[in-house]
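Geometric and topological summary
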Amino acid sequence: MNVLVVGGAGYIGSHCVRQLQTAGHSPLVLDNLVYGHRHAVASDIPFFDEDLGNRHAVAQILKENNIDVVMHFAAYAYVGESVTEPLKYYENNVGNTIQLLLAMQDAGVTKFVFSSTCATYGVPQSLPIVEDLPQSPINPYGQTKLQVEAILKDLAAIGKISSAVFRYFNASGAAEDGSIGECHDPETHLIPLAIDAATGKRSALKIFGTDYPTPDGTCLRDYIHVDDLSRAHIAVFDQLEDPKAFVHYNLGTGRPTSVREILDAVEKVTGLPVPAEEAPRRAGDPPSLYADNTKARQGLGWEPQHMDIESTIATAWKWHHANPDGYAS
Ligand code: UFG
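A few points on the structure. In this text, all values refer to a predicted model and were calculated from it rather than measured experimentally. (Residues numbered from 1 in each chain as written. Predicted model: local features only at pLDDT ≥ 70, side-chain atom pairs only at ≥ 80, totals over all residues. Heavy atoms only, no water.)

1. Some words on the pattern of salt bridges
Our working definition: Any Lys or Arg side-chain nitrogen found within 4 Å of a carboxyl oxygen on Asp or Glu counts as a salt bridge. Any residue under 20% of the maximum accessible area for its type is buried, any over 50% is exposed, and the rest in between are partly exposed; the area is computed with a 1.4 Å probe on protein chains only. Helix and strand labels come from DSSP, where a helix needs a run of H or I of at least four residues and a strand needs a run of E of at least two; each type is numbered from the N terminus.
Under the counting rule described, the total for this entry stands at 15 salt bridges. A salt bridge links Asp-196 to Arg-202, with the nearest nitrogen and oxygen atoms 2.9 Å apart. On the accessibility criterion, Asp-196 (6% relative accessible area) is buried. Under the relative-accessibility criterion, Arg-202 is labelled partly exposed at 34%. The residue Asp-325 makes a salt bridge to Lys-201 at a minimum N-O spacing of 4.0 Å. Here Lys-201 lies in the loop between helix H6 (190–199) and strand E8 (205–208) and Asp-325 lies in the segment after helix H10 (309–322), a separation of 124 residues in the sequence. Judged by relative accessible area, Lys-201 falls into the partly exposed class, the value being 42%. If you follow the salt bridges from partner to partner, you end up with Asp-196, Lys-201, Arg-202 and Asp-325 in one network.

This is the structure:
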């Protein structure tokens, strides 16, 4: 397949590009480099420094390169910022996605793979989270993803664009060979911050909330390796052949891990203490989010390879150790 990876210079997109190559597909990358990194994409991959909202330019790229499938990873994803600047999120995550879908229609491209999130479930009614739980986001970021899901469902119903929606849990880790990894600016995610605290690059890690109704009082999350996420995106291609297909899957390990357990695992993997201090809860954090991944395992023949949190953190450590300043290194 010729696959246009929109946001292919970002964290998850760049890992997916690697997996597409490994599986024998031909990825091309479109990224405006606002948050993406040019060095995250190998020089032999066709690269378009373009904005996904530029309908006519994108349609041209789709046509000229005989694109079969569009994968869409390009979104703003800071939950806190989405609360203070909602229009920025609706404009990019919804508005520009509509432009991308229009460009696909212009070019006659009919297959779409979309990055959604467990944030669409809000505070889930039950755990582990199954796909048919009510979706009720508690922040604009989750709301933008849910709105795109609704648009995709409507497009599939009329046979215009078939789509696969993946609701990610906590994407983590880095490529096994240490060549690409997680590099956000600003960084807000637990594992990279804990590694930076261990190496002394940042000050003590703040544990946001120690009074949650969880076994050790800290939040439970489901940390899924970024390569495992990526593999699911490729396993779904067959299902997109039906023009009315609209499929959706949770992508998680199914295993809850607490913040304290992450810090212990980082200490074990790095051999360094993680200085940490207790802090108040962070606004908008649900106590527990972890997946029931039965549907993805059965529907895609997909199995996460990194079921042990230490193996995921070991890949993150390899990347951070070799690249203490991320791609600037
Ligand atoms: N945490 C800390 N200290 C920190 C950073 C995080 O204690 O310095 C805690 C958080 O409170 C949370 C856990 O570590 O309990 C994980 O936090 P992350 O920021 O790494 O990840 P989130 O679970 O908040 O976010 C992820 C995705 C988002 C998505 C969200 C859905 O990164 O894109 O899940 O809830 F929207």
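Resuming the write-up.
2. Some words on the site of the ligand
Going by this rule: When we say a residue is near a molecule or strand, we mean one of its heavy atoms is within 4 Å of it. For the purposes of these results, a polar contact is taken to be a pair of N or O atoms within 3.5 Å, where, inside protein, one atom must be able to donate a hydrogen and its partner to accept one; residues adjacent in sequence count only when each atom of the pair is a side-chain atom. Accessible surface is estimated by sampling points in the Shrake-Rupley manner with a 1.4 Å probe; for residues, cover comes only from the protein chains shown. Note that Gly is not counted as nonpolar here; it falls among the polar residues with everything else outside the nonpolar set of Ala, Val, Leu, Ile, Met, Phe, Trp, Tyr, Cys and Pro and the charged set of Asp, Glu, Lys and Arg. Delimitation of the domains relies on an automatic or database domain assignment.
Taken together, 22 residues surround the ligand, and among them Leu-190, Lys-206, Arg-221, Arg-282 and Asp-285 come closest. One nitrogen or oxygen atom from the main chain of Thr-188 is found 3.3 Å from an oxygen atom belonging to the ligand. Lys-206 is positioned such that a nitrogen or oxygen atom in its backbone is 2.7 Å from a nitrogen atom of the ligand. Considering the ligand on its own, with 680 Å² of exposed area, one finds that the protein chains cover 91% of that surface. Among the elements that line the shell around the ligand, the one with the most residues is E8, at 4 residues. When grouped by side-chain class, the residues that make up the shell around the ligand number 14 nonpolar, 4 polar and 4 charged. Counting the residues that make up the shell around the ligand, at least three belong to each of domain 1 (2–172 + 223–251) and domain 2 (190–222 + 254–328).

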